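Okay, here's what each chain looks like letter by letter:
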Amino acid sequence: RIRIELPVSPVGMEHTCHKKAPKMLEYIKEMVSYCASLCPEVEFCAQDASRADIDFLCEVASAAVECGAKVITVCDNAAVYMPSDIGAVISTMLEKVPALKDVRIGVCTSDSVHMGLSTALAATKAGASEVRCSVLGAPYVSFMHLAALLKDRGDAISLSCRLDMTQVYREL
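Residues numbered from 1 in each chain as written. Predicted model: local features only at pLDDT ≥ 70, side-chain atom pairs only at ≥ 80, totals over all residues. Heavy atoms only, no water.

Re the overall build of the protein chain
Convention followed: Comment: elements are numbered from the N terminus, with helices defined as DSSP H or I runs of at least four residues and strands as E runs of at least two. The globule rule used for comparison is 2.2 Å times the number of residues to the exponent 0.38, while the radius of gyration itself is calculated over C-alpha atoms. The criterion used for residue contact is that any of the two residues' heavy atoms lie within 4.5 Å. Working definition of accessibility: Shrake-Rupley area with a 1.4 Å probe, residue cover restricted to the visible protein chains. Neither His nor the chain ends is counted toward charge; the positive residues are Lys and Arg and the negative residues Asp and Glu. Working definition for charges: the position is that of NZ of Lys, CZ of Arg, CG of Asp or CD of Glu.
Helix and strand counts for the protein chain come out as seven helices and five strands. Secondary structure elements in the protein chain, listed N-terminal to C-terminal, are β-α-α-β-α-β-α-β-α-β-α-α. A compact globule built from 172 residues would reach a C-alpha radius of gyration of about 16 Å, and the protein chain, at 16 Å, matches this within 12%. Expressed along its principal axes, the backbone C-alpha trace of the protein chain runs to roughly 45 × 35 × 30 Å. Long-range contacts, defined here as pairs at least 24 residues apart, represent 72% of the contacts in the protein chain between residues at least 6 apart. Carbon together with sulfur atoms contributes 53% to the accessible area of the protein chain, which is approximately 9,100 Å² in total. Averaging the positions of the 17 positive and the 21 negative side-chain charges in the protein chain gives two centres separated by 2 Å.

In C-alpha cells form, the structure reads like this:
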C-alpha cells in the first residue's frame, strides 16, 4: 500500500503546501493517479480533516477515489472532533460521495484530549472500516486500548478483530 498524506484544511494547505483549495485538489489528483500507476492499493489520508470544509473534503474524497485510491482516511490531527462530529462527517461523506461505498474508509484520531478511542468507535459505527492506531499511544489511539476494547466489549458494539492478545502481550 502507498499512503499519501496531504492537508485538506485551509491553514494546512496554505502553510504546508503553499496551495489554495483548487490547486490542492489538482495536486491530490496528480499524486493519487501517479501512485495508483505504481501500486494497486493507494490510501489517501486527508490530514487535518476536522478543520476542513465538509464540501471540500467530499470533493477531495471523490477525486481521490476517481484517480485510484482504494482507502480514504479522515484524520483529526487537531483533536477537534467529538464522537458525534466524526460520525456525522463519515455519514455525510458516504451520503454525498457514492463512490465511497466501493472503497474502505479509515480514521486517524488524535488522543491528545483523550477522546481518540471514542471518536474512532463513533466513526466505525458511521461506516469507517479502518482505524489507524499507534503501538506507543500518544498522540493517536493506542493499539493496546483499541485491541483490549475489541476483545472485551467488541460483541456489545458489533465490532471484532482476530488478534491473539497473548501474542500481542508477548511481543510488546
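Next comes the rest of the account.
Observations regarding the layout of surface pockets
The cut-off we apply is this: Cavities and pockets were defined on a 1 Å grid built from protein atoms only: a cavity is a group of points that admits a 1.4 Å probe but offers it no way out, a pocket is an open group of points flanked by protein on both sides within 12 Å along at least five of seven lines, and a lining residue is one with an atom within 4 Å of any such point. Grid points are joined across faces, edges and corners, and a volume is the space filled by probe spheres set on the points.
In this model, the largest pocket occupies a volume close to 290 Å³. Lining of the largest pocket is provided by 15 residues; of these, S129, E130, V131, L146 and L150 occupy positions nearest its centre. Listing elements by their share of the lining of the largest pocket, those giving two or more residues are α5 (116–126), β5 (130–131) and α6 (143–153). For the lining of the largest pocket, the element with the highest residue contribution is α6, accounting for four residues.

Re the pattern of salt bridges
This is how the line gets drawn: Whenever a carboxyl oxygen of Asp or Glu lies within 4 Å of a side-chain nitrogen of Lys or Arg, that contact is scored as a salt bridge. With a 1.4 Å probe rolled over the protein chains alone, any residue whose accessible area is under 20% of its type maximum counts as buried; one over 50% counts as exposed, and the rest are partly exposed.
Summed over all chains, the structure comprises 14 salt bridges. With its nearest N and O atoms 3.3 Å apart, the salt bridge here joins E5 to R132. Here E5, found in strand β1 (residues 2–7), pairs with R132, found in the loop between β5 and α6; they are 127 residues apart in sequence, far enough to count as distant. Accessibility expressed as a relative area gives 22% for R132, which makes it partly exposed. The salt bridge involving E26 is made with K29; its shortest N-O contact spans 3.6 Å. Here E26 and its partner K29 are both found in helix α2 (residues 21–38), three residues apart, which amounts to about one turn of the helix. Relative accessible area serves as the criterion here: at 46%, E26 is assigned to the partly exposed category. Accessibility expressed as a relative area gives 27% for K29, which makes it partly exposed.

Comments concerning the nonpolar core
The criterion, for reference: The definition of a nonpolar core used throughout is a set of buried Ala, Val, Leu, Ile, Met, Phe, Trp, Tyr and Cys residues joined through side-chain atoms within 4.5 Å.
Counting 46 residues, the largest nonpolar core has V8, V32, F44, I72, I90, M93 and L100 as the members making the most contacts within it. When residues of this core are assigned to their parent elements, the largest contribution, eight residues, is made by helix α3 (residues 54–66). Apart from residues no more than four positions distant in its own chain, I90 is found in contact with V74, I105, V107, A123, A126, G127 and A128.

Things to note about unusual backbone geometry
Here A79, not a glycine, exhibits a phi torsion of approximately 55 degrees, which is positive. Tracing the backbone shows A79 in the loop between β3 (69–76) and α4 (83–96). Its relative accessible area of 15% is what places A79 among the buried residues.

Remember, this is a structural readout, not a statement about activity or role.
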